[in-house]
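# Structural characterization, general
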Amino acid sequence: GFVPGLFGTSHGALQFMAYEDLKERYNKYRNRVSDAKLNTVEYIMMAAVSKIFAVSATYPYQVVRARLQDQHNTYSGVFDVIRRTWR
């Protein structure tokens, strides 16, 4: 439980990292200073793309965690869950 729980907290960190990186790259692309204000649509787009990235990176963990918590199946560990899920 402890290690998988720590991995689950990475979702927010990944989203924040991607959001900040996207903003910086976008402002550089638009030839603006890196901390320039964005308009509402730009903020929404940066938030959506960073959320999609974070979900894509952490969703497989959510599947493994849910299957480990399932009381109807018996697994010998995390790698067994991954192997059986992949199959």
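Look up: the structure comes first, before these words.
Numbering of residues begins from 1 in every chain and follows the order in which that chain's sequence is written. Since the coordinates come from a predicted model, pLDDT governs what is reported: local features require at least 70, and pairs of side-chain atoms require 80 or more to be given and counted, while whole-chain, interface and lining totals use all residues. Processing note: side-chain calculations cover all non-hydrogen atoms of the structure and skip hydrogens and water entirely.

## Regarding the packing of helix 2 (residues 10-29) against helix 3 (residues 40-69)
Note on geometry: axes are lines fitted to C-alpha atoms, helical ones only across the stretch in contact, with angles between N-to-C directions running from 0 to 180 degrees. A run of H or I in DSSP counts as a helix once it spans at least four residues, and a run of E counts as a strand once it spans at least two, with each numbered from the N terminus. In contact at an axis separation of 8 Å, helix 2 and helix 3 are set at 140 degrees when each is read in the N-to-C sense. On the basis of their axis angle, the class for helix 2 and helix 3 is oblique. Considering how the two elements wind past one another, helix 2 and helix 3 form a crossing that is right-handed. Packed against helix 2, whose contacting residues are S10, H11, L14, Q15, M17, A18, Y19, L22, K23 and Y26, the element helix 3 presents E42, Y43, M46, A47, V49, S50, K51, F53, A54, V55, A57 and T58 at the interface. For this classification, Asp, Glu, Lys and Arg are treated as charged, while Ala, Val, Leu, Ile, Met, Phe, Trp, Tyr, Cys and Pro are nonpolar and the rest, including Gly, are polar. In terms of residue class, the contact of helix 2 with helix 3 is made up of 14 nonpolar, 5 polar and 3 charged. The scheme is simple: roughly parallel for angles under 35 degrees, roughly antiparallel for over 145, roughly perpendicular for 65 to 115, oblique for anything else. Crossing handedness is defined as follows: a turn of the near helix away from the far one that is anticlockwise and smaller than a right angle gives a left-handed crossing, while the clockwise case is right-handed. The contact rule is simple, with two residues in contact once any of their heavy atoms fall within 4.5 Å.

## Structural notes on a nonpolar patch on the surface
Where nonpolar side chains cluster on the molecular surface, the patch consists of L68, V78, F79 and I82 and spans about 390 Å² of accessible area. A total of 3 residues in the nonpolar patch trace back to one element, the largest contributor, which is helix 4 (residues 78-86). Take I82: it is sitting in helix 4. Judged by its relative accessible area of 40%, I82 falls in the partly exposed class. Each patch is assembled from residues with relative accessible area greater than 30% and no salt bridge, linking like charges that lie within 9 Å and nonpolar side chains (Val, Leu, Ile, Met, Phe, Trp, Tyr) that lie within 5 Å. Every accessible area reported is derived by Shrake-Rupley at a probe size of 1.4 Å, with residue values counting cover from the shown protein chains alone. A side-chain nitrogen of Lys or Arg and a carboxyl oxygen of Asp or Glu constitute a salt bridge if their distance falls within 4 Å. Think of it in three bands: residues with accessible area under 20% of the maximum for their type are buried, residues over 50% are exposed, and the middle band is partly exposed, with areas taken using a 1.4 Å probe on protein chains only.

## Remarks on the pattern of salt bridges
Using the criterion set out here, one finds 5 salt bridges in the structure. Across the pair D80 and R83 runs a salt bridge, and its minimum N-O distance is 2.6 Å. Highlighted residues: D80 and R83, both in helix 4, separated by 3 residues, approximately one helical turn. Its relative accessible area of 9% is what places D80 among the buried residues. R83 gets classed as partly exposed once you look at its relative accessible area, which sits at 46%.

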